[in-house]
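# Remarks on the overall topology
Below are the chains, spelled out letter by letter.
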Amino acid sequence: MEENLDLEYNNNVSERPTFITVLCILSWIYVTFSVLSSLSSAFTSQEDLEEQLEISRAQIEESPMASNDMMQDIIAFSEKTMEHNKTTNLIGMILMLIQGAAVYMMFKLNKIGFWIYLLVNVSLIGVTAYFVPWPNVMSSMTIIFSSLIAIVFIILYGVNLKHMK
């Protein structure tokens, strides 16, 4: 029985392309970092967040560029982020855990993992777009940056769909 498990494990490892393994490891690192970040933020008190925002606001107002629209956008973005901190962290953590499971499925060469991964990434972008102020330079940059990373990984996983069952 133990020999069959070893043989099955070795067959799965040899069938999986190295590129999928590397993508999965990178994805798990991202998922781990995101979940730990969400947990850390979840345990930050509202008072601490407000204090950090006030310090940032004072620094921005003292800056010679305080009248700059981008500075005002940063303040608005920070306020909105603080306002929805608990909700976005909870939703983000749940989606990241689902993404981790989807990556595991792809690691096991299960094609359904790709579709779950795709759905989670679209959901993450949607949640971000819903909870940030519009129109706002900071919001746009956040969504564009996270979308570009998601698109790159989706394409890289998608190219490897032929190896999944």
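Described in the following lines is the structure provided in the data block. Source: prediction; values computed, not measured. (Residues numbered from 1 in each chain as written. Predicted model: local features only at pLDDT ≥ 70, side-chain atom pairs only at ≥ 80, totals over all residues. Heavy atoms only, no water.)

## A short note on the overall build of the protein chain
In terms of helices and strands, the protein chain carries 7 helices and 0 strands. Going from N to C terminus, the protein chain has its helices and strands arranged as α-α-α-α-α-α-α. Out of the 165 residues in the protein chain, the part that is buried amounts to 34%. If you take every contact in the protein chain between residues at least 6 apart in sequence, the share linking residues at least 24 apart comes to 76%. Accessible area for the protein chain stands at about 10400 Å²; split by element, carbon and sulfur atoms hold 67% of it. (Helix = DSSP H or I, 4+ residues; strand = E, 2+ residues; numbered from the N terminus. Buried < 20%, exposed > 50% of the residue type's maximum accessible area, 1.4 Å probe, protein only. Contact = heavy atoms within 4.5 Å. Areas by Shrake-Rupley, 256 points an atom, 1.4 Å probe, with all protein chains shown as cover.)

## Quick look at the packing of aromatic side chains
Per the stated rule, a full pass over the model turns up 5 aromatic pairs. Ring geometry for tyrosine 117 and tyrosine 157: centres 5.0 Å apart, planes at 70°, overall edge-to-face. Placement of tyrosine 117 in helix α6 (residues 112-131) and of tyrosine 157 in helix α7 (residues 137-159) is noted, with a sequence separation of 40 residues between them. The exposure class assigned to tyrosine 157 is buried, which follows from its relative accessible area of 0%. Three or more aromatic residues joined by ring pairs make a cluster, and in this case those are Tyr117, Phe153 and Tyr157. The aromatic ring of phenylalanine 107 is capped on one face by arginine 16, whose charged end is 3.6 Å from the ring centroid. (Phe/Tyr/Trp six-rings, centres within 6.5 Å; stacked < 30°, edge-to-face > 60°. Lys NZ or Arg CZ within 6 Å of the ring centre and 35° of its normal.)

## Remarks on a nonpolar patch on the surface
Nonpolar side chains collect at one region of the surface, where Val22, Ile25, Leu26 and Ile29 lie side by side and expose about 340 Å² of accessible area between them. Structurally, valine 22 can be placed in helix α2 (residues 18-42). The class for valine 22 is partly exposed, based on a relative accessible area of 38%. (Patch = residues over 30% accessible without salt bridge, like charges linked within 9 Å, V, L, I, M, F, W, Y side chains within 5 Å. Salt bridge = Lys/Arg side-chain N within 4 Å of Asp/Glu carboxyl O.)

## A short note on the side chain of asparagine 160
Relative to the elements of secondary structure, asparagine 160 occurs in the segment after α7. Of note is the side chain of asparagine 160, whose polar atom sits 2.8 Å from the backbone oxygen of leucine 156. Those residues in contact with asparagine 160 that lie beyond four places of it in its chain are Phe19, Ile20 and Leu23. (Polar contact = N/O pair within 3.5 Å; in protein donor to acceptor, adjacent residues only side chain to side chain.)

## Quick notes on the nonpolar core
Judged by nonpolar contacts, the single largest core of 15 residues is most densely connected at Cys24, Val103, Met106, Phe114, Tyr117, Tyr157 and Met164. Mapped onto this core, the elements with two or more residues apiece are α2, α5 (85-107), α6 and α7. When residues in this core are grouped by element, the largest group, 4 residues, is from α5. Not counting residues within four places of it along the chain, the set of residues in contact with methionine 106 comprises Ile20, Cys24, Gly113, Phe114, Tyr117, Tyr157 and Met164. Core analysis: the second largest hydrophobic core is formed by 9 residues, Val31, Val35, Met93 and Leu124 among them. (Core = buried A, V, L, I, M, F, W, Y, C linked by side-chain atoms within 4.5 Å.)

## Looking at the pattern of salt bridges
This structure, assessed with the given rule, holds 1 salt bridge. Ionic pairing is found between lysine 165 and glutamate 15, a salt bridge with its closest N-O pair at 3.2 Å. Here the residue lysine 165 occupies a position in the segment after α7, and glutamate 15 occupies one in helix α1 (residues 2-15), the gap between them amounting to 150 residues. In this structure lysine 165 comes out as exposed when scored by relative accessible area, which is 65%.

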